[in-house]
Amino acid sequence: MQAGSSKKIPGFLFSGMRKIKEYLIEKSLLLSAFITILTTIGIILVLTVEAVNFFSEVSLISFFTDTEWTPLFEQKHFGILPLLTGTLLTTFIAIFVALPIGLSIAIYLNEYAPKGFRKTIKPALELLAAIPTVVYGFFALMVVTPFLQQIYPDLAGFNALSAGIVMGIMIIPFISSLSEDALFAVPKSLREASYGMGSTRLQTAMLVTVPAASSGIVVSIILAISRAVGETMIVAIAAGQQPRLTFDPTVPIETITAYIVQVSLGDVQHGTLEYRTIFAAGITLFALTFLLNNISFFLRKKYRQKYE
Amino acid sequence: MIALMELKEEGYKKNDHESRSFKLEASHVDVWYGQFHALKNVSMGMTANHVTALIGPSGCGKSTFLRLFNRMNDYIDEFRMEGEIRLDGFKIYGKKIEVEQLRKDVGMVFQKPNPFPKSIFENVAYGLKIQGITNKKFISEKVETALKQSDLWGEVKDNLKKSALALSGGQQQRVCIARTLAVEPSVILMDEPTSSLDPISTARIEELIFQLKEKYTIVIVTHNMQQAGRVSDNTAFFYLGELVEHGKTKQIFTNPKHERTENYISGRFG
Amino acid sequence: MNNRRKNRIADKAFQVWGIACTFIGLVLLVIFIGDILIDGLGRLSWDFITALPSRRPESAGIWTAMMGTAWVLVFTTIISFPLGVAAGIYLEEYAKKSHLANLLEINISNLAGVPSIIYGLLGLEIFVRVMNLGPSVLAGSLTLSLLILPIVIVATRESIKAVPGSIKEASFALGATKWQTIRNQVLPASFGGILTGVILALSRAIGETAPLIVIGALAYVPFAPKSPMDEFSVLPIQIFNWVSRPQQGFITNAAAAIIILLLITLVMNGIAVYFRNRWQKKMKW
């Protein structure tokens, strides 16, 4: 390591142990990353194997067309429709609450609110998503339902309405944050053109910014839907355990997720048909959310290209 | 040991035109970044214990050329090189070359001072620690020597634990120089080392370069022609990826052989 | 101009509406928490925290659930922290722009969107049955670790991304290898951000109920776990169990337990924010 001499044997001619060590470290890190692939494979494998077992005993047609879901009763029906409508009903109510509120928040923060306000309110909204869902379930059952019963006395103790409303509150930040990001990404020039013609903030938002950000907003809605579909505790606590093919929000129903919880709490034996029903329900749920998530990815890619 | 001698004989190549050997040498080097032809058939040699300045307008390949000698271009996507680069006569591009060892012999100082977010001591000692040296006394001595060599010791010796980021720009750059010197390279590459510094810091570092060339071979890329004139023994003028002219600084600046060189030097473009 | 006036009124009206929307969620949250405090604050006592579950609401407590939560927290950290950080390092420092990197990234995005109850089904089959771990703390921790792994990975990547490339350049130029650069420069510089992300991921894990119910965490566990192979319960499951009972006493218990759970979540989020602020101050290059 002497400076200046040009006749020494340069150390850089030796490749060494170091390369092996670096290689091993890289491969162990790769292995850790690979666990995520294994997780996905595991999920698909588990759901598929048990579902296949299930469908060896229950026909696909009856699964999709039977209007009753009574695997735990004497007279067994295995129609997924009641659970599906339960899930969709609560999801719809949740979006019905979250979409107007979330989008309005996004527009307000984007067009109206001063910058400092935006910065402080965003984390406060994220707080809504950080509350454990079992706590929201308590609210739905103990606060919202009794309150609604004062307005509409025929409301059942377990119903889709309360659960849906509370779910909606929980997913407001999903829509408001992502939509606000989408609105933020709209080029200033478009906005300035609109103001230059004498438009109000509301007109600019509705006629220019929101349409321009529409794909980003749609992505946020799809993600919110996916989150609502997969939600378990709020509906398990407040929506009921009665699978019912209905769109009536005032009666007890059961969602796919609540059914899985119901069975898990019980004494169902491993390997029985009743046990496998949770995987049939599970794979339906997985297919739904997988579809929704990938549509949103596809849309997000498309909308990113728009601004590049 | 015998294998090493054979390797040396094999790798060693005398320059055909002159009898003295170059410390750093490029032979017919072409560099591409993807489709972009960044360097075109560049051949030049740099003598030991001299300061060579690389000048030319932005984007003409000076930095690319500089970084060939410590293989920092390797990290850029789609970097491709043809030709030979030699250090002490040995080719430094090749499958068997251990690039980490090369960089201990060829150090680099960057345009914007980039000290680590650690103490001054930790910064200067880093190069030694990554070689596995643990002897505290040895490291302390090397750190002190390096800080003295980079003209910073007096200012920081009472507080080596201070964060390097708390220093001024000129001081930070001298920390970066000290950190390079601590591993005792034989070559120091400098990529516009003073372009983000104030004139006083710049002057101090130019003085430093003058002192360092006694022990080290220095190659400096600079946008500042006065700096090239002040600091270097030899100058190379690059234009659009080609080496237009290379010779003694005095000659390049007072009597350039090529018209383009003269135009650049007299400020007609660039 | 009638139109212009209409537009201006609409504009103003929307401003009011926008503010109302912004705050309605938070206002409702305050109402809800107020209700919880009214219901449950009185029930909180040292006895409540240290008592075991019981058929009688007055003597029931959250001790076993708290211990279960603590055990699960520890093991989930042990499993998910190194795995997630290692995976994040790989994706951010080693795997850039290859087909493998793309695949891994898409896969992680997908996993982040899978409902947590599906992870419960996965854990039930693989950890509880196939690997024969039973409904143990270990099985629960493994399940939760897989659930929060995407969060830890993304947090690691974001923190590493924030480290300036010039630092890495300087390290390479001194002859450091890739791993030396990561270990000595990148990781120490990004550690605050990574820590923040991990704590946030863990605070999410603490509140998870569904996956643990599915793998068989019981609601009525008369003892605290003494080993990772023991059966267990956690605070959210205890809450769920009590909410499902009609007696008012259990509702009160549930409210009190919720206060504890929210406190824990709040403290963890607070710690995470504290670390994030400290780290961001340090990162003022």
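Residues numbered from 1 in each chain as written. Chains lettered and ligands numbered in written order. Predicted model: local features only at pLDDT ≥ 70, side-chain atom pairs only at ≥ 80, totals over all residues.

Undergrad: Got a sec to walk through the overall build of chain B? Specific residues and values, please.
TA: Helix and strand content of chain B: 11 helices and 10 strands. By the compact-globule yardstick of 18 Å for 270 residues, chain B fits well, its C-alpha radius of gyration being 19 Å. Counting the 270 residues in chain B, one finds 44% classified as buried. Once local pairs closer than 6 in sequence are excluded, the contacts in chain B between residues at least 24 apart make up 68%. (Helix = DSSP H or I, 4+ residues; strand = E, 2+ residues; numbered from the N terminus. Rg over C-alpha atoms; globule rule 2.2 N^0.38 Å. Buried ≥ 20, exposed ≤ 12 C-beta atoms within 10 Å, placed from the backbone. Contact = placed C-beta atoms within 7 Å.)

Undergrad: Just give me the short version of the overall build of chain A, but keep the residues and values in it.
TA: For chain A, the helix and strand inventory stands at 12 helices and zero strands. Ordered by position from N to C terminus, the α and β elements of chain A give α-α-α-α-α-α-α-α-α-α-α-α. Taken over the C-alpha trace, chain A has a radius of gyration of 26 Å; the compact-globule value for 308 residues is 19 Å, which it surpasses by more than 25%. By its C-alpha atoms, chain A is 95 × 65 × 35 Å across when sized along the principal axes.

Undergrad: Before we move on, could you go through the sheet that holds strand β2 (residues 36-46) of chain B and cite the residues and values that matter?
TA: Residue and element names in this part refer to chain B. Read across the open sheet, the four strands follow the order β2-β1-β4-β5; overall the sheet is antiparallel. This sheet does not close on itself; its edge strands, each paired only once, are β2 and β5 (90-91). Two elements, strand β1 (residues 24-33) and strand β4 (residues 79-87), share eight bridges in a ladder whose sense is antiparallel. Directly across from Ala26, in β4, lies its bridge partner Ile85. (Pairing = 2+ DSSP bridges.)

Undergrad: Lay out helix α9 (residues 214-230) of chain A in plain terms, naming residues and giving numbers.
TA: Between the first and last C-alpha of α9(A) there are 24 Å, a value that for 17 residues agrees with the 24 Å anticipated at 1.5 Å per step. Of all the 17 residues making up α9(A), 14 are buried; the element is thus mostly covered by neighbouring parts of the structure. (Expected span 1.5 Å × (residues − 1).)

Undergrad: Please provide a residue-by-residue account of the packing of helix α3 (residues 81-112) of chain A against helix α8 (residues 201-212) of chain A, values included.
TA: Residue and element names in this part refer to chain A. For the pair α3 and α8, the least separation of the axes is 10 Å and the interaxial angle reads 110 degrees. Taken together, the axes of α3 and α8 are roughly perpendicular relative to one another. Judged by the sense of rotation from one axis to the other, the crossing of α3 with α8 is right-handed. Across from Ile107, Asn110, Glu111 and Tyr112 in α3, the residues of α8 making contact are Arg201, Thr204, Ala205, Thr209 and Val210. When grouped by side-chain class, the residues that make up the contact of α3 with α8 number four nonpolar, three polar and two charged. (Axes fitted to C-alpha atoms, helices over the stretch in contact; angles between N-to-C directions. Parallel < 35°, antiparallel > 145°, perpendicular 65-115°, else oblique. Left-handed = near helix turned anticlockwise from the far one by under 90°. Nonpolar A, V, L, I, M, F, W, Y, C, P; charged D, E, K, R; others polar.)

Undergrad: Tell me about the interface of chain B and chain C, residues and numbers included.
TA: Taken together, the contacts link 18 residues of chain B with 15 residues of chain C. Listed by contribution, the elements that provide at least two residues to the side of chain B that touches chain C are α3 (99-105), β6 (106-109) and α4 (120-129) of chain B. A total of four residues in the side of chain B that touches chain C trace back to one element, the largest contributor, which is α3(B). Of the residues belonging to the side of chain B that touches chain C, the class tally is eight nonpolar, five polar and five charged.

Undergrad: Explain the pairing of strand β9 (residues 234-239) of chain B to me, and be specific about the residues and the numbers.
TA: Residues and elements named next belong to chain B. Counting buried positions along β9 yields six of six residues, so the element is predominantly enclosed. Where strand β3 (residues 51-55) and β9 come together, four bridges link them in parallel fashion. Note on β9: the bridge partner recorded for Leu54 is Ala236. Across six bridges, the pairing between β9 and strand β10 (residues 242-248) is antiparallel. Among the inter-strand pairings, Ala236 is bridged to a residue of β10, identified as His246. What sits between the antiparallel neighbours β9 and β10 is a turn of two residues, in which Leu240 has the positive phi angle 50 degrees.

Undergrad: Tell me about the sheet that holds β6(B), and please be specific about residues and values.
TA: Residue and element names in this part refer to chain B. Sheet architecture is open: six strands sit in the order β6-β7-β8-β3-β9-β10, paired in mixed fashion. Here the strands that pair on one side only, and so sit at the sheet edges, are β6 and β10. When the angles between neighbouring strand axes are averaged without regard to direction, this sheet yields 15 degrees. Set on the sheet, helix α7 (residues 169-182) makes contact with β6 and β7 (187-191); between it and β6 the angle comes to about 175 degrees.

Undergrad: Tell me about the packing of helix α5 (residues 116-130) of chain C against helix α6 (residues 137-161) of chain C, residues and numbers included.
TA: Residue and element names in this part refer to chain C. Look at α5 against α6: their axes get within 9 Å of each other, and the N-to-C directions meet at 135 degrees. Judged on the interaxial angle alone, α6 and α5 are oblique. The crossing of α5 and α6 is right-handed. On the side of α5, the interface is formed by Ser116, Tyr119, Gly120, Gly123, Phe127 and Val128, while α6 contributes Ala139, Leu142, Thr143, Leu146 and Leu147. Classifying every residue of the contact of α5 with α6 gives seven nonpolar, four polar and no charged.

Undergrad: I'd like to hear about the pairing of β4(B), residue by residue, with values.
TA: Residues and elements named next belong to chain B. Judged from the two bridges that link them, β4 and β5 form a sheet pairing that is antiparallel. Counterpart to Leu87 in the pairing with β5 is Phe90. Remark: two residues form the turn of the hairpin made by β4 and β5, two consecutive strands paired antiparallel; Asp88 in that turn has positive phi of roughly 55 degrees.

Undergrad: Go over the interface of chain A and chain C, please, and point to the residues and values.
TA: Between chain A and chain C, the contact holds 62 residues from the first and 62 residues from the second. Per-element tally for the side of chain A that touches chain C: the top contributor is helix α1 (residues 17-55) of chain A, with 17 residues.

Undergrad: Account for the environment of Phe138(A), naming residues and giving values.
TA: Position of Phe138(A) relative to the elements: it lies in helix α5 (residues 133-151). Looking at Phe138(A), the number of C-beta atoms within 10 Å reads 30, which means it is buried. Taking the C-alpha atoms as reference points, Phe138(A) and Asn110(A), 28 residues apart in sequence, are found 34 Å from one another. Apart from the residues lying within four places of it in its own chain, the contact partners of Phe138(A) are Ile237(A), Val243(C), Ala254(C) and Ile258(C).

Undergrad: Could you give an account of α5(A), naming the residues involved and the relevant values?
TA: Between its terminal C-alpha atoms α5(A) stretches 25 Å, which fits the 27 Å expected from 19 residues at 1.5 Å a residue. A maximum bend of about 35 degrees is found in α5(A) at Ala140(A). All buried positions along α5(A) are accounted for by Thr133(A), Val134(A), Val135(A), Tyr136(A), Gly137(A), Phe138(A), Phe139(A), Ala140(A), Leu141(A), Met142(A), Val144(A) and Thr145(A). Where the residues of α5(A) are buried, they touch α6 (160-184) and α10 (233-238) of chain A together with α1 (2-40), α10 (235-243) and α11 (248-282) of chain C. (Bend = angle between axes of the 7 residues up to and from the residue.)

Undergrad: How would you sum up the environment of Glu105(C)? Please name residues and give values.
TA: All names here are of chain C. Mapped onto the fold, Glu105 is located in helix α4 (residues 99-112). Taking the number of C-beta atoms within 10 Å as the measure of exposure, Glu105 has 17 and is therefore partly exposed. Here the alpha-carbon distance between Glu105 and Thr77, two residues 28 residues apart in the chain, equals 23 Å.

Undergrad: I'd like a rundown of unusual backbone geometry, residues and numbers included.
TA: Residues and elements named next belong to chain B. Residues other than glycine seldom take positive phi values, yet Asn49 does so here, at roughly 55 degrees. Residue placement: Asn49 occurs in the loop between β2 and β3. In this structure, Glu192 takes a positive phi of about 50 degrees despite not being glycine. Along the chain, Glu192 turns up in the loop between β7 and α8 (199-212).

Undergrad: Describe the confidence of the model for chain B, with residues and values.
TA: All names here are of chain B. Residues of chain B with pLDDT of at least 70 account for 92%, and the chain-wide mean is 87. Taken as a whole, residues 1-19 scores under 50 in pLDDT and shows 12 contacts with residues more than four places along the chain or in a different chain. Here the predicted complex carries an ipTM of 0.91, next to a pTM of 0.89. (pLDDT = per-residue confidence, 0-100.)

Undergrad: Hey, could you go over the environment of Met229(C) for me, with residue numbers and the actual values?
TA: Residues and elements named next belong to chain C. Relative to the assigned elements, Met229 resides in the loop between α9 (210-215) and α10. Look at Met229 and you get partly exposed, because 13 C-beta atoms sit within 10 Å. Distance from Met229 to Ala170, taken between C-alpha atoms, is 48 Å for residues 59 residues apart in sequence. Dropping the residues within four chain positions of it, Met229 is found in contact with Ser136 and Leu138.

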